[in-house]
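Fold and contact review
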Amino acid sequence: MTPKENLDKLGYELPNVSTPGGSYVSVNIRENIAYVAIQFPILNEEYLYLGRLGNDLSTEDGYKAMELCALNVLAQIDKKVGFDKLVGLNHIDAYFQSGNNWDDSPKVVNGASDLFMKILDDKGQHSRAIFGVDKLPRNFSVGLTASFTVKKE
């Protein structure tokens, strides 16, 4: 099945793509690698899942927030590259802000990893890194960057 067919089958809809909040592009392509700038849990310009995991938000909230970040990554790829040119997902970097005693970041980042596998099938296999940070812009609980291999023109 194609990514769009998987999205439809599973009841997901790609959000509108957000515009960069600074002097950069949302997708940068070098050779046959597409780098997607950090995506946050934004749904059609509405900021969601704000605060610290473990203090303001649960691990389950974090999972959903990271899933939304992954949908935003896919929306950027669909708009700027096209799913038809996708060879596969390479790597994701996941960022989170949390309270001092919270330690469930792998479970939260599974929200993105699971979604990529469901939508992209084998092309969604990837490596990942997880970073706890003191502060994310706009008080977002999580953020996600990704790199993809794309077909050469």
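Each chain carries its own residue numbering, running from 1 in the direction its sequence is written. Per-residue local features are limited, in this predicted model, to residues with pLDDT of at least 70; the limit for side-chain atom pairs, both in listing and counting, is 80 or more; totals at the level of whole chains, interfaces and linings are taken over all residues. Values shown for side chains rest on all heavy atoms present in the structure; no hydrogens or waters enter the calculation.

Tallying secondary structure elements over the chain gives 3 helices and 7 strands in all. By the criteria applied, helices consist of DSSP H or I runs no shorter than four residues and strands consist of E runs no shorter than two, each listed in order from the N terminus. Each helix (α) and strand (β) of the chain, taken in turn from the N terminus, gives the series α-β-β-β-β-α-β-α-β-β. Our radius of gyration looks at C-alpha atoms and nothing else; its globule reference is 2.2 Å times the residue count to the power 0.38. At 15 Å, the chain has a C-alpha radius of gyration in line with the 15 Å of a compact globule built from 153 residues. With respect to the principal axes defined by its C-alpha atoms, the chain has extents near 45 × 35 × 25 Å. Only heavy atoms enter the contact rule, under which two residues are in contact if any of them lie within 4.5 Å. Summarising the internal contacts of the chain: among those between residues at least 6 apart in sequence, 84% fall at separations of at least 24.

We now examine the sheet that holds strand 5 (residues 86–96). At least two bridges found by DSSP between two strands are what make those strands a pair. Read from one edge of the open sheet, 5 strands run 1-2-7-5-6, paired in mixed fashion. A single partner strand is all that each edge strand has here, and the edge strands are strand 1 (27–30) and strand 6 (127–132). Neighbour-to-neighbour, the strand axes of the sheet open up by a mean angle of 15°, direction not taken into account. Examined bridge by bridge, strand 5 and strand 7 (residues 142–150) share 9 bridges and lie antiparallel to one another. Opposite Ile 92, over in strand 7, you have Ala 146 as the bridge partner. A fitted line through C-alpha atoms serves as each axis, taken over the contacting stretch for helices, and the angle formed by two N-to-C directions is quoted from 0 to 180°. On the sheet, helix 2 (residues 59–80) packs against strand 1, strand 2 (33–39), strand 5 and strand 7 and is oriented at approximately 35° with respect to strand 7. Lying over the sheet, helix 3 (residues 105–120) contacts strand 5, strand 6 and strand 7, oriented at roughly 165° with respect to strand 5.

Attention shifts here to the packing of helix 1 (residues 3–10) against helix 3. Between helix 1 and helix 3, the least distance of the axes is 7 Å, while the angle of their chain directions is 115°. Classified by the angle their axes make, helix 1 and helix 3 are roughly perpendicular. Contacts from Pro 3, Asn 6, Leu 7 and Leu 10 in helix 1 reach Lys 118, Ile 119 and Leu 120 in helix 3. Side-chain classes follow a simple rule in which Ala, Val, Leu, Ile, Met, Phe, Trp, Tyr, Cys and Pro form the nonpolar group, Asp, Glu, Lys and Arg form the charged group, and the remainder, Gly included, forms the polar group. Across the contact of helix 1 with helix 3, the residue classes tally to 5 nonpolar, 1 polar and 1 charged. In what follows, roughly perpendicular refers to angles from 65 to 115 degrees, roughly parallel to angles under 35, roughly antiparallel to angles over 145, and oblique to any angle outside these ranges.

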